[in-house]
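Structural overview for review
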Amino acid sequence: MSTENLPQSPDSPSRKPRVAVVFGGRSSEHGISVVTAGAVLKAIDRTRYDVLPIGITQDGRWALTADEPERMAIAGRRTPSVDQLAESTEGAVVLPVDPADREVVYSEPGSVPKALGEVDVVFPVLHGPYGEDGTLQGLLELSGIPYVGSGVLSSAVGQDKEYMKRVFTSFGLKVGPYLVIRPREWTRDEAAARKRIVDFAGEHGWPLFVKPARAGSSIGITKVDGLSGLDDAVAEAQRHDPKILVEAALRGREIECGVLEFEDGPRASLPAEIPPPDTHAYYDFEAKYIDSTPGVVPAPLTDEETAEVRRLAVEAFDAASCEGLVRADFFLTEDGEFVINEINTMPGFTPISMYPQMWQATGVSYQELVDLLIQAALRRSTGLR
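I will try to describe carefully the structure that is included in this document.

Cut-offs and rules
- Residues numbered from 1 in each chain as written.
- Predicted model: local features only at pLDDT ≥ 70, side-chain atom pairs only at ≥ 80, totals over all residues.
- Heavy atoms only, no water.
- Helix = DSSP H or I, 4+ residues; strand = E, 2+ residues; numbered from the N terminus.
- Rg over C-alpha atoms; globule rule 2.2 N^0.38 Å.
- Buried < 20%, exposed > 50% of the residue type's maximum accessible area, 1.4 Å probe, protein only.
- Contact = heavy atoms within 4.5 Å.
- Areas by Shrake-Rupley, 256 points an atom, 1.4 Å probe, with all protein chains shown as cover.
- Lys, Arg positive; Asp, Glu negative; His and termini not counted.
- Charge placed at Lys NZ, Arg CZ, Asp CG, Glu CD.
- Axes fitted to C-alpha atoms, helices over the stretch in contact; angles between N-to-C directions.
- Parallel < 35°, antiparallel > 145°, perpendicular 65-115°, else oblique.
- Nonpolar A, V, L, I, M, F, W, Y, C, P; charged D, E, K, R; others polar.
- Salt bridge = Lys/Arg side-chain N within 4 Å of Asp/Glu carboxyl O.
- Core = buried A, V, L, I, M, F, W, Y, C linked by side-chain atoms within 4.5 Å.
- Pairing = 2+ DSSP bridges.
- Phe/Tyr/Trp six-rings, centres within 6.5 Å; stacked < 30°, edge-to-face > 60°.
- Lys NZ or Arg CZ within 6 Å of the ring centre and 35° of its normal.

Our focus in this paragraph is the overall build of the protein. A count of helical and extended segments in the protein gives 12 helices and 16 strands. Here the C-alpha radius of gyration of the protein, 21 Å, is about what a compact globule of 385 residues would show, namely 21 Å. A buried classification covers 55% of the 385 residues belonging to the protein. Looking at the protein alone, contacts between residues at least 24 apart form 66% of all its contacts between residues at least 6 apart. Only carbon and sulfur atoms are counted for the fraction: they give 49% of the accessible area of the protein, which is about 16600 Å². Placing the 38 positive and 58 negative side-chain charges of the protein at their respective mean positions leaves the two points 2 Å apart.

Look at helix H1 (residues 30-43) against helix H12 (residues 366-379): their axes get within 9 Å of each other, and the N-to-C directions meet at 90°. Here H1 is positioned roughly perpendicular relative to H12, judged by the angle of their axes. The residues of H12 that touch H1, namely those facing Thr36, Ala39, Val40 and Ala43, are Tyr366, Gln367 and Val370. For the contact of H1 with H12, a count of residues per class yields 5 nonpolar, 2 polar and no charged.

Quick look at the pattern of salt bridges now. For the structure on display, the rule yields 28 salt bridges. The partner of Arg182 in a salt bridge is Glu162, with the nearest N and O atoms 2.5 Å apart. Here Arg182 is found in the loop between strand E8 (178-181) and helix H6 (183-188), whereas its partner Glu162 is found in helix H5 (residues 161-170), with 20 residues between them in sequence. On the basis of relative accessibility, which here comes to 1%, the residue Glu162 falls in the buried class. Arg380 is the partner of Glu323 in a salt bridge, and the nearest nitrogen-oxygen pair spans 3.4 Å. On the criterion of sequence distance, the pair formed by Glu323 in the loop between helix H10 (303-319) and strand E15 (325-333) and Arg380 in the segment after H12 is long-range, its members being 57 residues apart. Per residue, the accessibility class of Glu323 equals that of Arg380, and both read buried. It is possible to trace a salt-bridge network through shared partners that takes in Glu141, Glu261, Glu323, Arg380 and Arg385.

Residues Val21, Phe23, Val40, Ile44, Phe123, Phe349 and Val370 are the most contacted members of the largest nonpolar core, which totals 35 residues. If we skip the residues at most four places from it in the chain, Val370 touches Val40, Ala43, Ile44, Phe123 and Phe349. Listed in part, the 28 residues of the second largest apolar core include Val259, Val309, Ala320 and Ile343.

The next thing to look at is the sheet that holds strand E9 (residues 208-212). Sheet architecture is open: 4 strands sit in the order E8-E11-E9-E10, paired in antiparallel fashion. Unpaired on one side and paired on the other, E8 and strand E10 (222-224) mark the two borders of the sheet. Neighbour to neighbour, the strand axes of the sheet diverge by 25° on average, direction disregarded. By the bridge criterion, 5 bridges tie E9 to strand E11 (residues 244-248) in an arrangement that is antiparallel. Paired with Val210 across the two strands is Val246, which belongs to E11. This element, helix H7 (residues 190-204), spans E8, E9 and E11 of the sheet and lies at about 175° to E8. Along the sheet face, helix H8 (residues 230-238) touches E9, E10 and E11 and points at about 25° away from the line of E9.

With that settled, the discussion passes to the packing of aromatic side chains. For the structure on display, the rule yields 5 aromatic pairs. An aromatic cluster is built from Phe123, Phe349, Tyr355 and Tyr366, whose rings are joined through pairwise contacts. Over the ring of Tyr178 we find Lys165, and its NZ or CZ is 5.6 Å from the ring centre.

Bringing helix H11 (residues 354-362) into the picture now. Every buried residue of H11 is accounted for by Met354, Tyr355, Pro356, Met358 and Trp359. Two residues or fewer past H11, Gly363 is found with a positive phi of approximately 110°.

Next up, the structure:
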């Protein structure tokens, strides 16, 4: 591969900040991450920032990719991949290991490594394990490079639905009934683990939702209406995470709210409602991303309900010590109570995703949203804060 057109390290001390958009990754949400990256790359103001797209392949290689957002869209009901965008099948991008040096290097077998210049901030748009769960954030902390979004602990808590719920409960936020099945439980005594789930259903009723404990984008989730579908649901969840979560179905409306970090602290957007999709059993992956089931923005709530869910969203953001952005998902139950389901520390971020739509309705455009997140990251240092 020729390196003539690679980004160069600028000589001027007054250069524009360089933003590395990192996307893809090893999780089952790889394709959605690529779609998100395309939208972010298209939105970044190139008069204010230099941009370096870096894709992580599904086998973990950090690849230099083309800056071509139009190639990062869903086509024919299929999501794109980093392998389709990589400039080389072997070249790798390497972050610095010295916090005093933010120089990023590109190397290929048989070629002299090429300096790509310093990176001032990373915009990680990875979803799921190996990216959204604190692992990438830890790498960036070691490298001394500021980044968009929550830190190591908050990202890990936001990824693991069990510990997320434990944190929320400790801060007085109401969560729905749930059960955790750890991998060794299912392996050592499958019958006993199954009985725990059946007993849980006996207490809370069918249907149940069986899901990976550490995944997102509604991947690996099954709505189970009875015992006959339970084993298949567990197997599907375990394809994505050996630890699974079983949740009781809550009767009510699905309400989402975005939280964004401003200079004076976090603020909540107008909320959205996710109506039951006509052609899907629930708001699953295909309803979200393939068929683009529309949400209602702003949600048709009373002024009091709107104020309450916005308050609770910021409380959830603070409870998990989040930074940058969060989408908080709630159920508004039939008795008028908000129950928090989960937070996403790097929510779906395409222009049709609910997080940007909620901020658009609140008066912040997609381009402004991207800029505010970059600016918030540039204000923060790495390390303890």
